[in-house]
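Chain by chain, the residues:
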Amino acid sequence: MTRLLQFAAGLAFAAALTLPAIVRASEPDDVIEYRKNIMKTLGAQAAALNATLQGKAPAESFTLHAQVLAIAASEALIAFTPKVEGGDSKPEVWAKWDDFSKKMKEFAANTADLAKTAEAGGAAAAQPKMQGALTCKGCHDTYRQPLKK
Ligand code: HEC
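Given the structure is predicted, the values throughout are model-derived calculations rather than measurements.

A. Quick peek at the overall build of the protein chain. The number of helices and strands found in the protein chain is seven helices and zero strands. Tracing the protein chain from N to C terminus, the helices and strands come up as α-α-α-α-α-α-α. Among the 149 residues that make up the protein chain, the fraction classed as buried is 30%. Here the protein chain has roughly 9,900 Å² of accessible surface; of this, 61% comes from carbon and sulfur atoms.

Below you can see the structure in the form of structure tokens.
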């Protein structure tokens, strides 16, 4: 076991040596795609959460979806931290960063609370907190370009 570990550590060290010394900075398109992916995760988990409440998906999965939603929400703030305008974000995201980041932090805190409540008391206990936690539309109305039809 120890020899195997030593071998693995040796491999990892060799791999590290072959990596470029400076990690390439993300291209603007990468930054935009990354934050869109985080948002898509939120969209998928919010839809799954609602499906469990409507009897269209296993009810016991409510808590799991609430947990994943909370994790993705905490990733969202980080994803917007590089100031890269574009995608469907309005420039106000960075022009009003104090307000935007406050909204994101509240969103992360409220979804974390939702997940904790679900862990302790299940969907029935958490459901009343959903509207207050899923502040998606409130933020999109201010900070996302209106969707093209
Ligand atoms: C504090 C602000 C904020 C909150 C809260 C927020 N979003 Fe977003 N969301 C954005 C912004 C800004 C964009 C545009 C990102 C871009 O294209 O640059 C976006 C984009 C999206 C997209 C489109 C992704 C794509 O494919 O281009 C989806 C889906 C989405 N959000 C879902 C959600 C859901 C669901 C929630 C709540 C559970 C949520 N968002 C909460 C700000 C927010």
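B. Up close: the coordination of the iron atom of the ligand. Those donors, Met39 (SD) and His140 (NE2), are the protein atoms that reach the iron atom of the ligand, and they lie 2.1 to 2.3 Å from it. Classification of the site at the iron atom of the ligand rests on its six donor atoms, whose angles at the metal span 85 to 179°, yielding the label octahedral. With methionine 39 in helix α2 (residues 28–53) and histidine 140 in helix α7 (residues 136–143), this pair connects stretches of sequence that are 101 residues apart. In this structure methionine 39 comes out as partly exposed when scored by relative accessible area, which is 25%. For histidine 140, a relative accessible area of 25% gives the class partly exposed.

C. The arrangement of the pattern of salt bridges in detail. Applying the stated criterion across every chain, the model contains five salt bridges. Among the salt bridges present, the one from lysine 36 reaches aspartate 88, with a minimum N-O distance of 3.0 Å. One end of the pair, lysine 36, is in helix α2; the other, aspartate 88, is in the loop between α3 (62–80) and α4 (92–95), and 52 residues separate them in sequence. Put simply, lysine 103 and aspartate 99 hold a salt bridge, and the shortest N to O gap is 3.0 Å. Pair noted here: lysine 103 and aspartate 99 are both in helix α5 (residues 97–126), with a separation of four residues, about one helical turn. For lysine 103, a relative accessible area of 30% corresponds to the partly exposed category.

D. Spatial organisation of the packing of aromatic side chains. One pass over the full model with this rule turns up four aromatic pairs. Note on tryptophan 97 and phenylalanine 100: the rings are 5.7 Å apart at their centroids and 35° apart in plane angle, and the pair reads as tilted. Taken together, the positions of tryptophan 97 and phenylalanine 100, both in helix α5 and three residues apart, correspond to about one turn of that helix. Assessed through its relative accessible area of 24%, tryptophan 97 is described here as partly exposed.

E. Focus on the site of the ligand. The local shell around the ligand holds 21 residues, among which Met39, Ser89, Cys136, Cys139 and His140 are the closest. Here serine 89 contributes a side-chain N or O atom positioned 2.5 Å from an oxygen atom of the ligand. A distance of 2.8 Å is found between a nitrogen atom of the ligand and a side-chain nitrogen or oxygen belonging to histidine 140. Only α2, α5 and α7 provide two or more residues apiece to the shell around the ligand. Here the shell around the ligand gets seven residues from one element, more than from any other, and that element is α2. Partitioning the shell around the ligand into residue classes produces 10 nonpolar, five polar and six charged.

F. Structural view of the environment of lysine 83. Relative to the assigned elements, lysine 83 resides in the loop between α3 and α4. Counting along the chain gives 55 residues from lysine 83 to proline 28, while the straight-line C-alpha distance between them is 9.2 Å.

G. Layout of the packing of α2 against α3. Running from amino to carboxyl end, α2 crosses α3 at an angle of 160°, the nearest separation of the two axes being 9 Å. In terms of their interaxial angle, α2 and α3 are classed as roughly antiparallel. In this structure, α2 crosses over α3, and the sense of that crossing is left-handed. Looking at the contact of α2 with α3, its residues break down into 18 nonpolar, four polar and two charged.

So, how was this worked out
- Residues numbered from 1 in each chain as written.
- Predicted model: local features only at pLDDT ≥ 70, side-chain atom pairs only at ≥ 80, totals over all residues.
- Heavy atoms only, no water.
- Helix = DSSP H or I, 4+ residues; strand = E, 2+ residues; numbered from the N terminus.
- Buried < 20%, exposed > 50% of the residue type's maximum accessible area, 1.4 Å probe, protein only.
- Areas by Shrake-Rupley, 256 points an atom, 1.4 Å probe, with all protein chains shown as cover.
- Donors = N, O, S within 2.8 Å, 3.2 Å for Na, K, Ca; no water.
- Tetrahedral: all angles 85-135°; square planar, octahedral: opposite > 155°, others 65-115°.
- Salt bridge = Lys/Arg side-chain N within 4 Å of Asp/Glu carboxyl O.
- Phe/Tyr/Trp six-rings, centres within 6.5 Å; stacked < 30°, edge-to-face > 60°.
- Near = heavy atom within 4 Å.
- Polar contact = N/O pair within 3.5 Å; in protein donor to acceptor, adjacent residues only side chain to side chain.
- Nonpolar A, V, L, I, M, F, W, Y, C, P; charged D, E, K, R; others polar.
- Axes fitted to C-alpha atoms, helices over the stretch in contact; angles between N-to-C directions.
- Parallel < 35°, antiparallel > 145°, perpendicular 65-115°, else oblique.
- Left-handed = near helix turned anticlockwise from the far one by under 90°.

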